[in-house]
Amino acid sequence: MLIYGRDIREQMKADIRHFSADKTLTMAIVIIGDDQPSHTYVKGIVKFAEETGVKVRVIHLSAREEENTVLRTITELNENPEINGIMLQKPVPQHLDANKITNAIAYNKDVEGIHNFNLGKLISRQEGVKPSTPKAIIRLLKEHDIEIEGKKVTIVGRSTIVGNPLAVMMTTENATVTLCHTRTKDLKKEILNADILVAALGKKNFITAEMVREDTIIIDAGINFDENGKMFGDVDEAAKEKAAIASAVPGGVGVITVAELFDNLKEIYKNK
Ligand code: NAP
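Please read these numbers as outputs of a predicted model, since none were measured by experiment.

## Thoughts on the sheet that holds strand β1 (residues 2-3)
Read across the open sheet, the six strands follow the order β1-β11-β8-β7-β5-β6; overall the sheet is parallel. Every other strand in the sheet has two partners, leaving β1 and β6 (176-180) as the edge strands with one partner each. Where strand β5 (residues 152-156) lies against β6, five bridges are found, and the strand directions are parallel. Pairing of Lys-152 across the sheet is with Thr-176, part of β6. Relative to strand β8 (residues 217-220), helix α6 (residues 132-143) is tilted by about 145°, and along the sheet it contacts β1, β7 (196-199), β8 and β11 (245-247).

Pasting the structure below:
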């Protein structure tokens, strides 16, 4: 059975629209260069903002911009009282250090929840802004009444924005977590052991039917495009048909992730 995120996104949209009705919330997005998927993603954020009455300021910098200029832009946004939240669209051009720029964003304007300060809070289980994609994954499970506590969760992918923080958040939800990556010795064995599998490795249709059990719950966070621009997840169709439950791509985790940015913006506004 496929599960979707669209209804959850619509509910979140209504909540954010209601929250922003009598206040001005503004998010700044810094995008550097002309990476097409990034521009498409930012367009989606702008559309969500328009539909919820939130203001978005998109700052588009050239791919050749020097790091100092980017950092100065971030400082200006940090100091601007009209800006409630800031996001750095990734990837950034190779000569720039995405981690350094992300950590130049004021931690209390970090809508993505990936500033070192906020990641530290996550690990020490304090309230705070949480990374948007892991938040979307946990929300998708909970909204479909899928229990996490006590489950064996295997996550494939250990990035700072998805796999790693998700492992922490799943542990906080009392799951027993296995975090896999390119050096994992027997990936198939680890996936077969999972009650819940989260695929976040960024390889089109990488996980196939023989790697999953009939009772596995699959959350496919992958977003991959073929040469015709068609979107695919990290898990192939046959694996999703075999498993008990699987999230759709497109229409699953991805549609909630954007809403989570605005949910974070709402939290930041409340705490300012
Ligand atoms: P990333 O930074 O490229 O990280 C990929 C991770 O997967 C790495 O930890 C890598 O291991 C691991 N990996 C790659 N190939 C593997 C293999 N063959 N076997 C085992 N592990 C493997 O990617 P990301 O930014 O986390 O994104 C992952 C996927 O999620 C992408 O498709 C991306 O588009 C998607 N995504 C979706 C959303 C959403 O809202 N749905 C948001 C963000 C990202 P090593 O660490 O060993 O290299």
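So, next bit.
## Considerations on unusual backbone geometry
A cis geometry characterises the amide bond from Lys-90 onward to Pro-91, with omega recorded as 10°. In this fold, Pro-91 is placed in the loop between β4 (85-88) and α4 (98-102). For Asn-174, which is not glycine, the phi torsion reads 70° and is therefore positive. Along the polypeptide, Asn-174 turns up in the loop between α7 (163-172) and β6. For Asn-205, which is not a glycine, the phi torsion comes out positive at approximately 55°. Looking at the element boundaries, Asn-205 is found in the loop between β7 and β8. Given the relative accessible area of 27%, Asn-205 is considered partly exposed.

Reading the values: the criteria
- Residues numbered from 1 in each chain as written.
- Predicted model: local features only at pLDDT ≥ 70, side-chain atom pairs only at ≥ 80, totals over all residues.
- Heavy atoms only, no water.
- Pairing = 2+ DSSP bridges.
- Helix = DSSP H or I, 4+ residues; strand = E, 2+ residues; numbered from the N terminus.
- Contact = heavy atoms within 4.5 Å.
- Axes fitted to C-alpha atoms, helices over the stretch in contact; angles between N-to-C directions.
- Buried < 20%, exposed > 50% of the residue type's maximum accessible area, 1.4 Å probe, protein only.

In short, geometric facts, not functional conclusions.
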